[in-house]
Amino acid sequence: MITLTTDFGTRDPYVGVMKAAMLQRLDRIDIIDLTHEVAPFRPEEAGFWLQCCRAHFPDGSVHVAVVDPGVGTERALLAVRSQRQLFLAPDNGLLGLLCQTDPCAETRRIEVAALTPWRIATRSATFHGRDILGPLAAELAAARCQFEQLGPPAQPDPGRLEPARRLADGTVKGVVAAIDRYGNLLTTVDAGLVAALPRPQVHLGQRQFDLVRTYGEATAGAYVALINSFGVLEIARSGGSAAAGLAAEWGANVTVASKR
Amino acid sequence: MITLTTDFGTRDPYVGVMKAAMLQRLDRIDIIDLTHEVAPFRPEEAGFWLQCCRAHFPDGSVHVAVVDPGVGTERALLAVRSQRQLFLAPDNGLLGLLCQTDPCAETRRIEVAALTPWRIATRSATFHGRDILGPLAAELAAARCQFEQLGPPAQPDPGRLEPARRLADGTVKGVVAAIDRYGNLLTTVDAGLVAALPRPQVHLGQRQFDLVRTYGEATAGAYVALINSFGVLEIARSGGSAAAGLAAEWGANVTVASKR
Amino acid sequence: MITLTTDFGTRDPYVGVMKAAMLQRLDRIDIIDLTHEVAPFRPEEAGFWLQCCRAHFPDGSVHVAVVDPGVGTERALLAVRSQRQLFLAPDNGLLGLLCQTDPCAETRRIEVAALTPWRIATRSATFHGRDILGPLAAELAAARCQFEQLGPPAQPDPGRLEPARRLADGTVKGVVAAIDRYGNLLTTVDAGLVAALPRPQVHLGQRQFDLVRTYGEATAGAYVALINSFGVLEIARSGGSAAAGLAAEWGANVTVASKR
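Conventions we followed
- Residues numbered from 1 in each chain as written.
- Chains lettered and ligands numbered in written order.
- Predicted model: local features only at pLDDT ≥ 70, side-chain atom pairs only at ≥ 80, totals over all residues.
- Heavy atoms only, no water.
- Helix = DSSP H or I, 4+ residues; strand = E, 2+ residues; numbered from the N terminus.
- Rg over C-alpha atoms; globule rule 2.2 N^0.38 Å.
- Buried < 20%, exposed > 50% of the residue type's maximum accessible area, 1.4 Å probe, protein only.
- Contact = heavy atoms within 4.5 Å.
- Areas by Shrake-Rupley, 256 points an atom, 1.4 Å probe, with all protein chains shown as cover.
- Lys, Arg positive; Asp, Glu negative; His and termini not counted.
- Charge placed at Lys NZ, Arg CZ, Asp CG, Glu CD.
- Buried area = accessible area lost by both parts, 1.4 Å probe.
- Salt bridge = Lys/Arg side-chain N within 4 Å of Asp/Glu carboxyl O.
- Polar contact = N/O pair within 3.5 Å; in protein donor to acceptor, adjacent residues only side chain to side chain.
- Nonpolar A, V, L, I, M, F, W, Y, C, P; charged D, E, K, R; others polar.
- Least-squares fit on C-alpha atoms with pLDDT ≥ 70 in both.
- Axes fitted to C-alpha atoms, helices over the stretch in contact; angles between N-to-C directions.
- Parallel < 35°, antiparallel > 145°, perpendicular 65-115°, else oblique.
- Left-handed = near helix turned anticlockwise from the far one by under 90°.
- Pairing = 2+ DSSP bridges.

Turning our attention to the overall build of chain A. On a plain count of helices and strands, chain A comes out with six helices and 14 strands. Rg of the C-alpha trace for chain A: 19 Å, near the compact-globule value of 18 Å for 260 residues, within the 12% margin. The principal-axis extent of the C-alpha atoms belonging to chain A is close to 65 × 40 × 30 Å. Buried residues in chain A amount to 62% of all 260 residues. Contacts in chain A between residues far apart in sequence, at least 24 positions, make up 67% of those at least 6 positions apart. Accessible surface for chain A amounts to roughly 10200 Å². Of this, 49% is attributable to carbon and sulfur atoms. Distance between charge centroids for chain A: 3 Å, based on 26 positive and 27 negative side chains.

Attention now goes to the interface of chain A and chain C. Chain A puts 27 residues into the contact, and the matching count from chain C is 28 residues. In total, about 2400 Å² of surface goes out of reach between chain A and chain C, with carbon and sulfur atoms giving 55% of it. Contact with chain C buries area across many residues of chain A, yet Arg11, Pro13 and Arg28 of chain A alone supply 25% of it, more than any other trio. Counting across the interface, chain A meets chain C through one salt bridge. We note a salt bridge from Glu37 of chain A to Arg181 of chain C, for which the minimum N-O separation is 3.4 Å. Viewed at the interface, chain C and chain A are joined by eleven residue pairs in polar contact (both at pLDDT 80 or more). A total of six residues in the side of chain A that touches chain C trace back to one element, the largest contributor, which is helix α1 (residues 14-23) of chain A. Here the side of chain A that touches chain C is composed, by residue class, of ten nonpolar, eight polar and nine charged.

Overlay of chain A on chain C (RMSD 0.0 Å): rotation 120°, translation along the axis 0.0 Å. Taken together, these values place the two copies in the relation of a three-fold axis. For chain A, the smallest separation between a C-alpha atom and the rotation axis is recorded for Arg28 of chain A, amounting to 4.5 Å. Looking at the interface residues of chain A, only 7% of them are also at the interface in chain C, so each copy uses its own face.

Contact with chain A, which involves 28 residues of that partner, is made by 27 residues of chain B. Roughly 2400 Å² of surface becomes buried between chain A and chain B when both sides are summed, with 55% attributable to carbon and sulfur atoms. If you sort the residues of chain A by the area they bury against chain B, His56, Arg181 and Ser229 of chain A come out on top, with a joint share of 27%. Joining chain A to chain B, the criterion identifies one salt bridge. Applying the counting rule to chain A against chain B returns twelve residue pairs in polar contact (both at pLDDT 80 or more). Where the side of chain A that touches chain B is concerned, the elements lending two or more residues are β2 (31-35) and α2 (43-53) of chain A. In terms of residue class, the side of chain A that touches chain B is built from 14 nonpolar, seven polar and seven charged.

For the rest of this paragraph, the subject is the relation of the copies chain A and chain B. Relative to chain B, chain A is turned by 120° and slid 0.0 Å along the rotation axis, the superposed coordinates differing by an RMSD of 0.0 Å. The fraction of interface residues of chain A whose copies in chain B are also interface residues is only 7%, indicating that the copies meet through different surfaces.

When you tally the buried positions in helix α2 (residues 43-53) of chain B, you get ten out of eleven residues, the bulk of the element. Those residues of α2 of chain B not exposed but buried are Pro43, Glu44, Glu45, Ala46, Gly47, Phe48, Trp49, Leu50, Cys52 and Cys53 of chain B.

So, about the pattern of salt bridges. For the coordinates displayed, the defined rule picks out 39 salt bridges over all chains. Note that Asp59 of chain B and Arg84 of chain B form a salt bridge whose closest N and O atoms lie 2.9 Å from each other. Of this pair, Asp59 of chain B sits in the loop between α2 and β3 (62-66) while Arg84 of chain B sits in the loop between β4 (77-82) and β5 (85-90), and the two are 25 residues apart along the sequence. Just as Asp59 of chain B is exposed, Arg84 of chain B falls in that class too. Between Asp131 of chain C and Arg130 of chain C there is a salt bridge; the shortest N-O distance is 2.7 Å. Comparing Asp131 of chain C with Arg130 of chain C, the two get one shared label, buried.

This brings us to the packing of helix α1 (residues 14-23) of chain C against helix α4 (residues 128-141) of chain C. All names here are of chain C. Two elements in contact, α1 and α4, have axes whose closest approach is 8 Å; the angle formed by their N-to-C orientations is 40°. If you check the angle between α1 and α4, you find them oblique. Here the hand of the crossing between α1 and α4 comes out right-handed. Mapping the contact onto sequence places Val17, Met18, Ala21 and Met22 in α1 and Gly129, Arg130, Gly134, Pro135, Ala137 and Ala138 in α4. Its residues placed into classes, the contact of α1 with α4 shows seven nonpolar, two polar and one charged.

What follows concerns the sheet that holds strand β5 (residues 85-90) of chain A. Residues and elements named next belong to chain A. Across the sheet, six strands lie side by side as β2-β1-β3-β5-β4-β6; this open sheet has mixed pairing. The two strands at the open ends of the sheet, each matched to only one other strand, are β2 and β6 (106-109). Between one strand axis and the next, the sheet turns through 20° on average, direction left out of account. Relative to β6, strand β4 (residues 77-82) runs antiparallel, the two being bridged by four bridges. The residue of β6 that forms the bridge with Val80 is Thr107. The strands touched by helix α4 (residues 128-141) are β1 (2-6), β3 (62-66), β4 and β5; relative to β3, the strand with the most contacts, the crossing angle is about 170°.

Here you go:
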C-alpha cells in the first residue's frame, strides 16, 4: 500500500496527476488518501497524522507526505525507514517527530540526481510530489529500488513538535499536534504516558478536564479528555468544537497530572 | 464492491485508515466512497442515500454506513440483508427507512463479542467503523463470514423517516429526506407513486410546483419538481438553491396531489 | 486508466454511483478523480485542466468530463480522439480548446440511440455521466467499443477559450483559464510561446510581473509569474492568493511581451 498526505486539497487535479504518475509505474497498487487538507505551513501536522495512522498499515507500506512551502528552494527530500515502513517527505520538520519517537529509525537524504536509473528526474521546479516522491514510492513499493540506494544517511530537521515527556514529579507534558474537522484537539501525549498516572487530570491553559472513556459519557456542551481511537490524548467537546470553544491553537501546551 | 457512507469528512485521515483496515483483509476490492459528508446528527439521511444508490450496485455489494453520534454508548450495530445486498450500520435509525420499504429485509444485531474468529474486536471506544464494521464488511465481501453468523434477528430502530404513502383520496404524502450540494430537495416520494396521479402538482409549505421532465425546461430562477435520476421526486431551482430559496428543511412535509 | 472531471462535488453520492456504473462493466480499472469541483457554468475550465493533465496519462486513457448545465436539453455528447487518448464530454465548449490546439483531433457526435448493443441508453434525463458517458468510457477502455462506432464526425462547440497566439510584434496573448485553490491564475500561454521572447514580462490589467523559476524566489506577499509544473504560464502570489489580491477573473486577458 501507498498512502498520500498532502496540502494539495481536492479542488484541483494535483492529486489525480500524482496518482497517475504512480499507477503508470505500478499497476494495481492500493493508493490510500490519508488527507489532502494539511495546513500548508504546518508540515509537522502531516507527520503527526502519519504517526497516528501507521499502526493500521501493513509492513512494507510506503507513505508519501508533501507539505512543502519551500518547494523549489534548496531543502532536501528525505526517506525514513521505521518499523518496516517507509516515509518520503521534504526535510522541513515533517518527519521530525516520527524520527525522534523511534530511535531505530534510519534516515536518508534522497539524491535526486542519482535516481536516473529509475527514470526519475526533476521535471518541474514546483511539483516534486508528482515528479519525484510519487514515482519513487512506486519504485520502492515494487521493490525495484532499495532504501539504501536513495542517498547518504542524514539527520532530519526536527521540526516544531517534540515527543511528550514525563517530568521528575510524574507530570506529563505535551502539545496540541493536530486539530481535526470536529474541532477535537489531538495531542502528542500517548495512552502509555497517561496510564502511569493515578487520577489523571488534563490541563490546557487555565482549564482542567477529567478523563472519560467515550464522547458519549459527556453531557452536551461539556469538554472532556479521552484516549482516542489512535491511542493518543484528545480534548473534545460534546456536540461542539473544543478548538473553537477553548480558543486553543496548534502547538499549545497540554499537561497531565494527578488530581489532588 | 464495498461502499462507504459516513460523516467523517475528508479533512482528516479517518476514512483512509478505515480503508486500510479493509484492504488488509481483502486485497484488491473496489471500495467506493458514496459520501463522507452526511450531517452528523442525521443518520437517516445516510440511509436514504443508500436507498437511492443501491440499484446501481451489483448483487453481493456490502454497504457500510457510519453516522454515529452515539458511538461508545450502548446502541447496537446492525446488519441488514435486502435484495441480495448487505448493509452494516449503527442501530440509530439509519437503516429504518430501508427496512420499512423492503418487507423481505432481514435484520441481525451484530454480536461483537462473537466476532473473534474473524479477529474483530472492540479496539477503541470511538471508531467502530475502522475496528468493527469495516473489517466485517471485508470478511462478508470475501464470503469468509455469513450473514447468519453475525448475531440474532433484531428489530431495527425505525428512525425519523417513514416511507411515503398514498392517502384514500389519492394524495401522496412524503418528506424531504436529503438536501444535496446544489440545494435540491430529495424526497421519499418515488416515481411510481407520482405516476398514478393525473396532472400531479407538488406542495411544500404554502408553495406549489408543476412537474417537469428536466432542469433544462425551467426558466432561470424558477422552482420545479421532477423525478430525478434516482427515481425520486425532487424539488429544484433552476440556476440556484431550492433549499435556500424556499427555506426548506430536512424532514419537511411534501404532498403530491392532482391539479384541479 | 479512466479519469473523471466534473462539477458534482464530493458531498453527495453522485460520483460514487457513476464509478459503480463503470466498475460493473470493467472490473479493476483505475478510475482517477481529477476534480469534481469545476465551476458548474464553466465547462471550458474542465477542458483546460484536461489539457494540462493529459501528458501525465498513458496512451489509451479515457477521460470523462461532465460539466453540463444543459443536461436534459438538446445539446449533443461528444467523443474526441487526440494523441492516442479519448475524451468524452457534452458539446458545450468543454472540449473546444483541446480540439483547436490539436489539428489532428477527431471528433464524433455520440449517437446515444445507437449504443444499445452495449446496453447503454438514456435511463434518466439528468444524469448522463452515470447513464451514458461513464458506461461508454468503460466499454472504450475495455476495447469492446471503437471510437468510429460512436457516431458521425462532428464540429465541436469551440467554447469561450481560444489557444494563446503570438502577434506580429512577438507579443503573446492569452487568458486566465483556471484559478486553483491557492488563487494561482493558470493561463492558456504555454512555455514554448514564452521561451521565444527575450526578457519576458507578463501583463494582467494594469500590472506587470517578472518571470521567476519557482515560488520560493519571491518575497512574501509578492506577485510572480512562472512556468508552472504543467508547462503553462501562471501568476501566483507568495504566501497568498493572486486571484484575490489582483481581483482577477476567469477569462481575463494576459499578455507577455519583452521588457523594454
